[in-house]
Amino acid sequence: MRIAVGSDHAGFSLKQELAAFLAEGGHEIEDLGTTGDERVDYPDFGAAVGRAVASGSSELGVCVCGTGIGISIAANKVDGVRAAVVHDVTSARLAKEHNDANVVCLGARLVGPEVAQEALHAFLATTWQAGRHAERVDKITALEHDRQGAT
Ligand code: RB5
């Protein structure tokens, strides 16, 4: 799978580790930065990952900032993106099963590399359940039309 990764300075180190972990697992990495510890703004990287997923350039996105929260809010502003902050195996599994998340966001100041890797592994190993969850996800997608002013 091609996976877009992005982070701000707070998430840089964990993003590098997760990119290496994913590459070892045979995935192709689209690294959208940041490239070091210098202060940057997380919305720029959340948007870049979101656009990569929404355009089909990558199938999945992985975002890291200090908490995973800010970068997820930014990614979720891109139409077609369902970004979920996950903290562990269970939240990662449910983000796929119930929400069909296509961007996984992690907080480098909240979870360590092993927990983050386990969460990503769980996400990748889980199947979207669809069924009763599909209508709810469709309702989320419909909100994008509200935002565009469509009826
Ligand atoms: C950067 O200091 C921090 O605010 C950012 O990484 C993130 O946690 C925002 O949600």
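Everything below is about the structure shown above.
These numbers were taken from a predicted model, which means no experiment stands behind them.

A few words now on the pattern of salt bridges. Overall, the coordinates contain five salt bridges when judged by the stated rule. Notably, a salt bridge pairs Glu30 with Arg2, separated by 3.5 Å at the nearest N-O pair. Of this pair, Glu30 sits in strand S2 (residues 28-31) while Arg2 is found in strand S1 (residues 2-7), placing the two residues 28 residues apart along the sequence. Here Asp31 ties to Lys15 by a salt bridge, and the two come within 2.9 Å at their closest N and O atoms. Taken together, the positions of Asp31 in strand S2 and Lys15 in helix H1 (residues 12-24) put the pair 16 residues apart, joining distant regions of the chain. Of the residues examined, Lys15 reaches a relative accessible area of 2% and is grouped as buried. Via salt bridges that share partners, Arg2, Glu28 and Glu30 belong to a single interconnected network.

Further remarks concern the packing of helix H4 (residues 89-97) against helix H5 (residues 113-125). The contact between H4 and H5 brings their axes to 8 Å, and the two run at 25 degrees. Taken together, the axes of H4 and H5 are roughly parallel relative to one another. Crossing geometry of H4 relative to H5 is assigned as right-handed. Here Val89, Ala92, Ala95 and Lys96 of H4 come into contact with H5, specifically with Glu118, Ala119, Ala122 and Phe123. Here the residues of the contact of H4 with H5 are counted per class, giving six nonpolar, no polar and two charged.

Centre distance and the angle of the planes are the two values used to describe a pair of aromatic rings. For the coordinates displayed, the defined rule picks out zero aromatic pairs. Sitting above the plane of the Phe123 ring, Lys96 keeps its charged end 4.6 Å from the centroid.

Looking now at the side chain of Ser58. Structurally, the position occupied by Ser58 is in the loop between helix H2 (42-55) and strand S3 (60-65). You can call Ser58 buried: its relative accessible area is 3%. At 2.6 Å, the side chain of Ser58 forms a polar contact with the side chain of Glu30. In contact with Ser58, other than residues within four places in its own chain, are Arg2, Ile3, Ala4, Glu30, Ala52 and Val53.

About the criteria used
Residues numbered from 1 in each chain as written. Predicted model: local features only at pLDDT ≥ 70, side-chain atom pairs only at ≥ 80, totals over all residues. Heavy atoms only, no water. Salt bridge = Lys/Arg side-chain N within 4 Å of Asp/Glu carboxyl O. Helix = DSSP H or I, 4+ residues; strand = E, 2+ residues; numbered from the N terminus. Buried < 20%, exposed > 50% of the residue type's maximum accessible area, 1.4 Å probe, protein only. Axes fitted to C-alpha atoms, helices over the stretch in contact; angles between N-to-C directions. Parallel < 35°, antiparallel > 145°, perpendicular 65-115°, else oblique. Left-handed = near helix turned anticlockwise from the far one by under 90°. Contact = heavy atoms within 4.5 Å. Nonpolar A, V, L, I, M, F, W, Y, C, P; charged D, E, K, R; others polar. Phe/Tyr/Trp six-rings, centres within 6.5 Å; stacked < 30°, edge-to-face > 60°. Lys NZ or Arg CZ within 6 Å of the ring centre and 35° of its normal. Polar contact = N/O pair within 3.5 Å; in protein donor to acceptor, adjacent residues only side chain to side chain.

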